[in-house]
Amino acid sequence: MLSPADLSIDAFAALVARWGYKPGHAPRVLRAYYTGIDVTAAALPGVPAGLFARFADELRSSTANLAAHQVAEDGTTKMLLRLGDGRTVESVLMPDFRDDRAAGCISSQVGCAMGCDFCATTRTGFERNLTAGEMVEQFIALRREARSVGRKLQTVVFMGMGEPLLNLDAVLAAVERMADNKLGALGWRQITVSTVGIVPGIDALTAARLNIHLAVSLHAPDDETRARLLPMGKRFPIAEILAAADRFQASRGRPVTIQYCLLAGVNDSLEHARRLAELISPRRMHINLLRYNPTGLSLRGVVYEPSSEETAEAFAAALRARKLVAHFRRSRGRDIDAACGQLRERTESQEAARSAEIP
Ligand code: SF4
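About the criteria used
Residues numbered from 1 in each chain as written. Predicted model: local features only at pLDDT ≥ 70, side-chain atom pairs only at ≥ 80, totals over all residues. Heavy atoms only, no water. Near = heavy atom within 4 Å. Nonpolar A, V, L, I, M, F, W, Y, C, P; charged D, E, K, R; others polar. Helix = DSSP H or I, 4+ residues; strand = E, 2+ residues; numbered from the N terminus. Core = buried A, V, L, I, M, F, W, Y, C linked by side-chain atoms within 4.5 Å. Buried < 20%, exposed > 50% of the residue type's maximum accessible area, 1.4 Å probe, protein only. Contact = heavy atoms within 4.5 Å. Axes fitted to C-alpha atoms, helices over the stretch in contact; angles between N-to-C directions. Parallel < 35°, antiparallel > 145°, perpendicular 65-115°, else oblique. Left-handed = near helix turned anticlockwise from the far one by under 90°. Pairing = 2+ DSSP bridges.

### Notes on the site of the ligand
Here is step 1 of the chain: Neighbouring residues of the ligand: Cys112, Met114, Gly115, Cys116, Cys119, Thr122, Gly160, Gly162, Val196 and Cys340.
Here is step 2 of the chain: Of the residues belonging to the shell around the ligand, the class tally is six nonpolar, four polar and no charged.

### Thoughts on unusual backbone geometry
Here is step 1 of the chain: Look at Arg209: it is not a glycine, yet its phi comes out positive at around 55°.
Here is step 2 of the chain: By secondary structure assignment, the location of Arg209 is in the loop between α6 (199–208) and β9 (213–217).
Here is step 3 of the chain: For His219, which is not glycine, the phi dihedral falls at a positive 65°.
Here is step 4 of the chain: Of note, His219 is situated in the loop between β9 and α7 (223–229).

### Observations regarding the nonpolar core
Here is step 1 of the chain: Residues Phe12, Phe139, Phe158, Ile287 and Leu319 are the most contacted members of the largest nonpolar core, which totals 105 residues.
Here is step 2 of the chain: Here the element with the most residues in this core is helix α4 (residues 132–148); it accounts for eight residues.
Here is step 3 of the chain: Setting aside chain neighbours within four positions, we find Ile287 in contact with Ile258, Tyr260, Leu276, Ile280, Leu319, Leu324, Val325, Ala326 and His327.
Here is step 4 of the chain: Among the nonpolar cores identified, the runner-up in size contains five residues, and Val92, Met94, Ala103 and Val157 belong to it.

### Concerning the packing of helix α1 (residues 9–18) against helix α2 (residues 26–34)
Here is step 1 of the chain: Where α1 meets α2, the axes come as close as 9 Å, and the angle between the chain directions of the two elements is 120°. It follows from the interaxial angle that α1 and α2 lie oblique. Taken as a pair, α1 and α2 cross one another with a handedness that is right-handed. Packed against α1, whose contacting residues are Ile9, Phe12, Ala13 and Val16, the element α2 presents Ala26, Pro27, Val29 and Leu30 at the interface.
Here is step 2 of the chain: Considering only residue class, the contact of α1 with α2 consists of eight nonpolar, no polar and no charged.

### Description of the sheet that holds strand β4 (residues 101–105)
Here is step 1 of the chain: The strand order across the open sheet built from ten strands is β1-β2-β3-β4-β7-β8-β9-β10-β11-β12, with neighbouring strands paired in mixed fashion. The open sheet has two free edges, formed respectively by β1 (65–71) and β12 (325–329), since each of these has just one partner strand. Direction aside, the axes of adjacent strands within the sheet are offset by 25° on average.
Here is step 2 of the chain: As judged from the four bridges shared by strand β3 (residues 88–95) and β4, these two strands associate in the antiparallel manner. Each bridged residue has a counterpart across the sheet, and for Val92 the counterpart in β4 is Cys105.
Here is step 3 of the chain: Packed on one face of the sheet, α4 meets β1, β2 (77–82), β3, β4 and β7 (152–158) and runs near 40° to β3.

### Brief notes about the pairing of β3
Two faces, one strand: in a regular strand the side chains alternate between the faces of the sheet.
Here is step 1 of the chain: Most of β3 is tucked away: eight of the eight residues are buried.
Here is step 2 of the chain: The alternating pattern of β3 places Thr88, Glu90, Val92 and Met94 on one face and Val89, Ser91, Leu93 and Pro95 on the opposite face, and all of these are buried.
Here is step 3 of the chain: Linkage of β2 to β3, two consecutive antiparallel strands, is achieved through a turn of five residues, within which Gly86 is found at a positive phi near 90°.
Here is step 4 of the chain: Here β3 hands over to β4 after five residues, the two strands then running antiparallel side by side.

Here it is as structure tokens:
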């Protein structure tokens with residue numbers, strides 16, 4: 001069964017015409033759905049009541065249901081959405097420092113094949129790509145959640161479960177709908193796609209010529225350290241990834257963000273900072289330093305820990321001393337399953353335990 005999130009305005013307008021109504025009603029109805037308003041006659045005067053009945057009968061209001069929901073003390077909300085086929089994905093709403101704004105984090109795949117050793121999603125492996133509609137549903141769920149706490153969803157980043165550039169066609173289709181101003185959605189510049197550094201994917205994103213942001217998860221200043229953390233590092237050397245990021249930046253004219261997760265004793269020394277500065281200094285890129293949310297024993301048998309406050313500050317200071325723009329991304333939801341993949345892992349193992357108990 002289709003969800004409204006599967007349809008572009010044109011596709012929905014064609015459906016409305018097939019139902020015997022004016023296709024001109026389609027943008028208002030779909031826009032109301034995108035903004036999280038209940039699509040009813042009361043909400044949209046002038047639209048025929050029969051059209052609402054068809055909308056409800058033939059398009060499920062959403063194929064995704066909420067399977068789990070956690071709210072941290074800092075207001076970070078993690079949602080686990082159950083998709084039409086029973087699989088689950090995580091989406092996260094992060095309150096902004098402004099009282100009325102929030103940012104959303106969207107998954108692009110069920111599970112992930114990238115195998116980043118410090119990530120909980122790695123442990124469940126890759127299951128399938130998400131459709132554009134399933135990503136749009138996360139967007140709408142985040143918008144509703146933001147509205148329910150008096151905030152506006154201001155930005156969206158594809159940084160949840162999965163590698164977006166390995167599902168690029170669907171990601172681009174979702175981005176186009178999220179940024180369609182006929183749907184009252186976000187501006188292009190409010191959308192960021194984040195990658196572990198899939199070089200052909202970065203080039204394909206550049207070729208798509210969308211005015212969105214790119215973030216690259218580097219996490220190490222040398223290929224050897226990086227390959228230990230991210231198996232993808234063996235396939236795409238840092239020099240090639242940064243060259244692809246340069247091409248994106250030259251084409252779109254906006255700084256690429258370099259993500260760097262500080263792991264105690266792994267990538268957080270002053271020597272690592274010096275080498276990172278050497279790589280990034282010639283470029284006009286921003287560095288986002290991330291505080292690690294521990295995920296327990298990794299597949300390689302390592303228990304990663306976040307860098308101490310003191311080490312992290314010294315690392316940032318070493319970058320700034322070399323005139324780099326380096327910010328800490330605030331650590332979110334430490335009192336809930338905040339790391340990518342943790343809520344899904346916990347919920348699925350609880351469900352498996354419950355079903356094992358049923359005689
Ligand atoms: S960090 Fe991102 S790319 Fe790496 S395994 Fe986790 S979800 Fe996949």
